Amino acid sequence: MNDIETKLQSVLQTIREAEKKSSRAENSVRLLAVSKFHPLNLILDAIAAGQFFFGENRVQEAREKFFEVFKTQQNVRLHLIGSLQKNKVSHAVKIAHCIESVDRITLLQELQRICEKQNKKIEILFELHTAEDSKAGFENFASLHEAVELCANGNFPNIIPKGFMTMAPFTNDEKLIRKSFITLRETKEKLQKEFSSLSLSELSMGMSGDYKIAIEEGSTEVRIGTAIFGERN
Ligand SMILES: *Cc1c(COP(=O)(O)O)cnc(C)c1O
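Source: prediction; values computed, not measured.

Focus on the site of the ligand
V34, K36, N57, I81, M167, M207, S208, R223, I224, G225, T226 and R232 make up every residue found near the ligand. Between the ligand and the protein, one listed contact pairs an oxygen atom with a backbone N or O atom of G225 at 2.8 Å. Note that an oxygen atom of the ligand is positioned 2.5 Å from one of the side-chain N or O atoms of T226. Computed on the free molecule, the ligand has an accessible area of 390 Å², of which 92% lies beneath the protein chains in the complex. Among the detected pockets, the ligand sits in the largest pocket. Residue composition of the shell around the ligand, grouped by class: five nonpolar, four polar and three charged.

Written as structure tokens, this is what we have:
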């Protein structure tokens, strides 16, 4: 067993225990291995250990590594989780299966334009800003609502919304972290009810430091970097 495999199995076991503890179905939480700042060989180790979903923040870095990965590994799925600039959308659509960090309507418009051009469809999550100390995500419920409504009304036929993503605050205060996750879950419930033509089941929440709490609050995908690949330089 390589080092990555040992850590992966430990994280997976923790996920399965957290599912059980909160009466969630087994395997209802997916592990996204966040490989940003880590080299290709560690990604290949993780794939060899059975991991297929990966997250990266930066388009350029993702391209450099995953161009190599996809040469031999067609089953691997890449999710972009970092804030996405307009001029990177074209490369992002070429390489990613899902953009989890959709945080503005102008980005939806650009994604639609590029997807049409590339004759592609792309999955997305709406990122909601739920913590004081980050800037990422739709600023409030109203702005997010407007974006979801535009999707529900058929404005972006090449975009497939799958749900929501958030980052909890960087703090040891469990209450504050939990509050972030509850906000995302309640937002999902409201918007899914109102826009029932969309399938908004995904809740991407939980990182190395807080994923047990996220699973208790309904996470369907945890994004784990450090606990698998170690500290980033
Ligand atoms: C880096 C990052 C992660 C992973 O964080 P760890 O604490 O290393 O598990 C998850 N989500 C996003 C959006 C990130 O930028």
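Observations regarding the pattern of salt bridges
The final tally for this structure, using the stated rule, is 16 salt bridges. The partner of E19 in a salt bridge is R16, with the nearest N and O atoms 3.0 Å apart. Highlighted residues: E19 and R16, both in helix α1 (residues 3–21), separated by three residues, approximately one helical turn. By relative accessible area, which is 23% here, R16 ends up partly exposed. Taking the shortest distance from any N to any O, the salt bridge between E217 and R178 comes out at 2.6 Å. Placement of E217 in the loop between α8 (211–216) and β8 (221–224) and of R178 in helix α7 (residues 174–194) is noted, with a sequence separation of 39 residues between them. Taken together, the shared-partner salt bridges in this structure form one network comprising K21, E174, R178, R185, E189, E216 and E217.

Side note on helix α2 (residues 40–48)
Every buried residue of α2 is listed here: L42, I43, A46 and I47. For α2, the angular spread of buried residues about the axis comes to 145°, placing them on one side.

Some thoughts on the layout of surface pockets
Empty space within the largest pocket amounts to approximately 520 Å³. Along the wall of the largest pocket there are 25 residues; nearest its centre are K36, M167, F170, M207 and R232. Within the lining of the largest pocket, the residues separate by chemical class into ten nonpolar, ten polar and five charged. By volume, the second largest pocket amounts to about 170 Å³.

Quick word on the side chain of R223
Mapped onto the elements of the fold, R223 is located in strand β8. Here R223 is buried and forms no salt bridge, its nearest opposite-charge partner E100 lying at an N-O distance of 4.6 Å. From its side chain, R223 meets the backbone oxygen of S204 in a polar contact 2.8 Å long.

As for the nonpolar core
In a soluble, globular protein the nonpolar side chains are often hidden away together inside. Judged by nonpolar contacts, the single largest core of 64 residues is most densely connected at F54, I99 and F126. In terms of nonpolar packing, the next biggest core, distinct from the first, is built from six residues, L32, V34, I81 and L125 among them.

Comments concerning the pairing of strand β2 (residues 53–56)
A regular strand carries its side chains on alternate faces of the sheet. Looking at chain direction, strand β1 (residues 30–34) and β2 are connected through two bridges and run parallel. The partner of V34 across the bridge, within β2, is G55. Handedness of the crossover joining β1 and β2 through α2 is recorded here as right-handed. Examined bridge by bridge, β2 and strand β3 (residues 77–80) share four bridges and lie parallel to one another. Bridge pairing links G55 to H79 in β3. Regarding the hand of the β-α-β motif, the stretch spanning β2, helix α3 (residues 59–72) and β3 is right-handed.

Parameters at a glance
Residues numbered from 1 in each chain as written. Predicted model: local features only at pLDDT ≥ 70, side-chain atom pairs only at ≥ 80, totals over all residues. Heavy atoms only, no water. Near = heavy atom within 4 Å. Polar contact = N/O pair within 3.5 Å; in protein donor to acceptor, adjacent residues only side chain to side chain. Areas by Shrake-Rupley, 256 points an atom, 1.4 Å probe, with all protein chains shown as cover. 1 Å grid on protein atoms, 1.4 Å probe; cavity = no way out; pocket = protein on both sides within 12 Å on 5 of 7 lines; lining within 4 Å. Sits in = over half its atoms within 2 Å of the grid points. Nonpolar A, V, L, I, M, F, W, Y, C, P; charged D, E, K, R; others polar. Salt bridge = Lys/Arg side-chain N within 4 Å of Asp/Glu carboxyl O. Helix = DSSP H or I, 4+ residues; strand = E, 2+ residues; numbered from the N terminus. Buried < 20%, exposed > 50% of the residue type's maximum accessible area, 1.4 Å probe, protein only. Arc of directions from axis to C-beta. Points joined across faces, edges and corners; volume = space filled by probe spheres on them. Lys, Arg positive; Asp, Glu negative; His and termini not counted. Core = buried A, V, L, I, M, F, W, Y, C linked by side-chain atoms within 4.5 Å. Pairing = 2+ DSSP bridges. Right-handed = clockwise from strand over helix to strand, strands pointing away.

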